[in-house]
Amino acid sequence: MHRYVVVLSLALQIAAPPRAAVAQTPRTVAVTNVTLIDGTGAEPQSAMTVLIANGRIVDVFPTGSQALPEGTSVRDLPGRFVIPGLIDAHVHVATDPAGRDSNAVAFLQGALRGGVTSVRDMAGDVFALAPIARRSREAGADIPRVYFAAVMAGPTFFEDPRTRSAAHGGTPGRVPWLRAMTDTTDIALAVREAKATGATGLKVYADLAPALVARITTEAHTQGMKVWSHAMIYPTRPSEAILAGVDVLSHALLLFWEGVRDAPARYHQSVTRSAYDSVDAGGGAMRALFARMRERGTVLDATLFISSRLETSPPGTSGLVDPSRAVRWMYDVVRSAHEAGVTVAAGTDGMMPGVPDGVPNIHRELELLVTRAGFTPLEAIRAATLNGARALGQEGDLGSIVKGKIADLVVLRADPCDNIRNTTSIEGVIRDGVLVWRNRAR
Ligand SMILES: [Zn+2]
């Protein structure tokens, strides 16, 4: 009997994982006595417990209403507010024309400290993005999860000089991450190759006719990829993109073209001579569009932050007759979309200010949704959490604080419902159930 035990324990020693792995053995953690804002848009609940094990939320209940499992490590945080990790639905982290992108990781680390736990990268240098995305999926990584896009557009789009450096010596339009699509392209092969780069979605960008957008979208969905479209694909209009079945439309400013009879047929002709007065942001064309988006579940990635900066761009550089008028139109159209029940995601199209340690611009996007587009703070938070997860196609795992989802949480010192700017009062960031950053400065 003794001998048997000894043999068994030796066997266990041999089979035991290395010590570091033992130290990382996931344990159960309870965050208690917090006010919970779960990301669904539901009213905040005070004195709640979030129970976490193996990186996932295993239960959510009023503190004290259930016994905690034995050995649970308790973080009692009375007076704090917990929201889901923020999702920036529109970033470009790797667009250095020289292809180095040495700052990408530093900026992502800064974004994580600013409460951003996932991002949707809407096109960049795939050679830089693919390894970053792989690293970002590791549990407890020090950067947000990165989901990125491969670009598809019509051949004329690739005359754009920006595409040359991103092709890495290949011909823009003829590499899997920058693919020129025509009626004779083998779409199944093009989608397969795009997926093989590690991309989660296809960015359907410009110079594509509606029938081709529809064929690409059908094939992408068959192969399990998302289709992340610009709102105007020239000549394909927003309503035609929705009918084609795309999952997300980016840039509320571009919804304008839905109401213009002679919309440009190509991206490079897209300068508008209109001052945006010709289309009513809450009028019939827009209402019909929003009804269709709501029916199909199409997400609007509004990108208020980047477009708001058109107002301060030097005269003549924005391509707009009256940038301020256009930006006001954009706020109005997002307000109308929201009132019509369209799912709006929060994407900045400019993740970080100039320095990695600055406050990520997602907080500015939240503020604009509240102050300019009529969202309540809870609705804005849902846009930057659950709706962002929908844009990524990750709503089963991310975006809200409910049983079963990945434990990505942000702990705030001040109530974001009192003032949306309080989303910056970050005390700690939890990714995969691990406290990846704690703000000791406050
Ligand atoms: Zn963009």
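Everything discussed here concerns the structure shown above.
Each value, and the rule that gives it
- Residues numbered from 1 in each chain as written.
- Predicted model: local features only at pLDDT ≥ 70, side-chain atom pairs only at ≥ 80, totals over all residues.
- Heavy atoms only, no water.
- Patch = residues over 30% accessible without salt bridge, like charges linked within 9 Å, V, L, I, M, F, W, Y side chains within 5 Å.
- Areas by Shrake-Rupley, 256 points an atom, 1.4 Å probe, with all protein chains shown as cover.
- Salt bridge = Lys/Arg side-chain N within 4 Å of Asp/Glu carboxyl O.
- Lys, Arg positive; Asp, Glu negative; His and termini not counted.
- Charge placed at Lys NZ, Arg CZ, Asp CG, Glu CD.
- Helix = DSSP H or I, 4+ residues; strand = E, 2+ residues; numbered from the N terminus.
- Buried < 20%, exposed > 50% of the residue type's maximum accessible area, 1.4 Å probe, protein only.
- Donors = N, O, S within 2.8 Å, 3.2 Å for Na, K, Ca; no water.
- Phe/Tyr/Trp six-rings, centres within 6.5 Å; stacked < 30°, edge-to-face > 60°.
- Lys NZ or Arg CZ within 6 Å of the ring centre and 35° of its normal.
- Contact = heavy atoms within 4.5 Å.
- Polar contact = N/O pair within 3.5 Å; in protein donor to acceptor, adjacent residues only side chain to side chain.
- Pairing = 2+ DSSP bridges.

Caption draft 1: Structural detail: a positive patch on the surface. Together, Arg27, Arg75, Arg438 and Arg440 make up a positively charged patch on the protein surface. Tracing the backbone shows Arg75 in strand S4 (residues 73–76). We classify Arg75 as partly exposed; its relative accessible area is 36%.

Caption draft 2: Spotlight on the coordination of the zinc ion. Within the protein, the zinc ion binds to His90 (NE2), His92 (NE2) and Asp349 (OD); these donor distances fall in the range 2.0 to 2.4 Å. For the zinc ion, the donor residues sit on a single chain with the sequence spacing H-x1-H-x256-D. For His90, a relative accessible area of 0% gives the class buried.

Caption draft 3: Broad picture of the packing of aromatic side chains. According to the stated counting rule, one finds eleven aromatic pairs in the structure shown. When the centroid spacing of 6.3 Å and the interplanar angle of 70° are considered together, the rings of Tyr234 and Trp257 count as edge-to-face. On the criterion of sequence distance, the pair formed by Tyr234 in the loop between strand S12 (226–230) and helix H8 (238–244) and Trp257 in the loop between strand S13 (248–250) and helix H9 (284–296) is long-range, its members being 23 residues apart. Accessibility classification places Tyr234 together with Trp257 in one group, the buried group. Cluster of aromatic residues (ring-pair linked, three or more members): Phe157, Phe158, Tyr205, Tyr234, Phe256, Trp257, Tyr267, Tyr276 and Trp329. Positioned above the aromatic ring of Trp228 is the side chain of Arg120, whose terminal nitrogen or guanidinium carbon lies 4.9 Å from the ring centre. Residue placement shows Arg137 over the ring face of Tyr147; its charged tip is 4.2 Å from the ring centre.

Caption draft 4: Representation of unusual backbone geometry in the model. Across the junction of Tyr234 and Pro235, the peptide omega takes the value 0°, indicating a cis bond. Secondary-structure assignment places Pro235 in the loop between S12 and H8. The phi dihedral of Asn54 is positive, around 55°, even though this residue is not glycine. Take Asn54: it is sitting in the loop between strand S2 (45–53) and strand S3 (56–62). The class of Asn54 is exposed, set by a relative accessible area of 58%. Backbone geometry at Asp432 places phi at a positive 55°, although glycine is not the residue there.

Caption draft 5: View of helix H4 (residues 126–136). Residues Val126, Ala128, Leu129, Ala130, Ile132, Ala133 and Ser136 constitute the buried set of H4. Where H4 is buried, its residues touch helix H3 (104–113), strand S7 (116–121), strand S8 (145–153) and strand S17 (426–431). Its side-chain oxygen placed 2.9 Å from the backbone nitrogen of Phe127, Asp125 serves as the N-cap of H4.

Caption draft 6: Structural detail: the pairing of strand S16 (residues 409–412). Because side chains alternate across S16, one face comprises the buried residues Leu409 and Val411, and the other comprises Val410 and Leu412, equally buried. Sheet topology note: the strand S5 (residues 81–84)/S16 ladder contains four bridges and is antiparallel. Counted as the bridge partner of Phe81 is Leu412 from S16. Of the pairings in the sheet, the one linking S16 to S17 comprises four bridges and is antiparallel in character. By the bridge assignment, Leu409 is partnered in S17 with Ile430.

Caption draft 7: Geometry of helix H12 (residues 362–373). Looking only at H12, the buried set comprises Ile362, His363, Glu365, Leu366, Glu367, Leu368, Leu369 and Ala373. In the segment just after H12, Gly374 is the residue with positive phi, at about 80°.

Caption draft 8: Molecular detail of the pairing of S7. Of all six residues in S7, six are buried, a share of seventy percent or more. Two strands pair when backbone bridges link them, and strand S6 (residues 86–91) and S7 are joined in this way by four bridges, in the parallel orientation. Residue Ile87 lies in a different strand from S7, and its bridge partner there is Ser118. Of the strand pairs in this sheet, S7 and S8 are connected by four bridges, and their pairing is parallel. Residue pairing across strands places Ser118 opposite Arg145, the latter belonging to S8.

Caption draft 9: Here's a closer look at the pattern of salt bridges. Within the structure shown, the criterion is met by 13 salt bridges. As a salt-bridge pair, Asp432 and Arg145 come within 2.6 Å of each other at their nearest N and O atoms. Taken as a pair, Asp432 in the loop between S17 and strand S18 (434–438) and Arg145 in strand S8 lie far apart in primary sequence, 287 residues in all. Arg145 matches Asp432 in its accessibility class, with the two residues each being buried. Where Asp432 meets Arg431, a salt bridge forms, and the shortest distance between an N and an O atom there is 2.9 Å. Residues Asp432 and Arg431 agree in their burial class; the two are buried. Ionic contacts of the salt-bridge type, sharing partners, join the residues Arg145, Asp408, Arg431 and Asp432 into one network.

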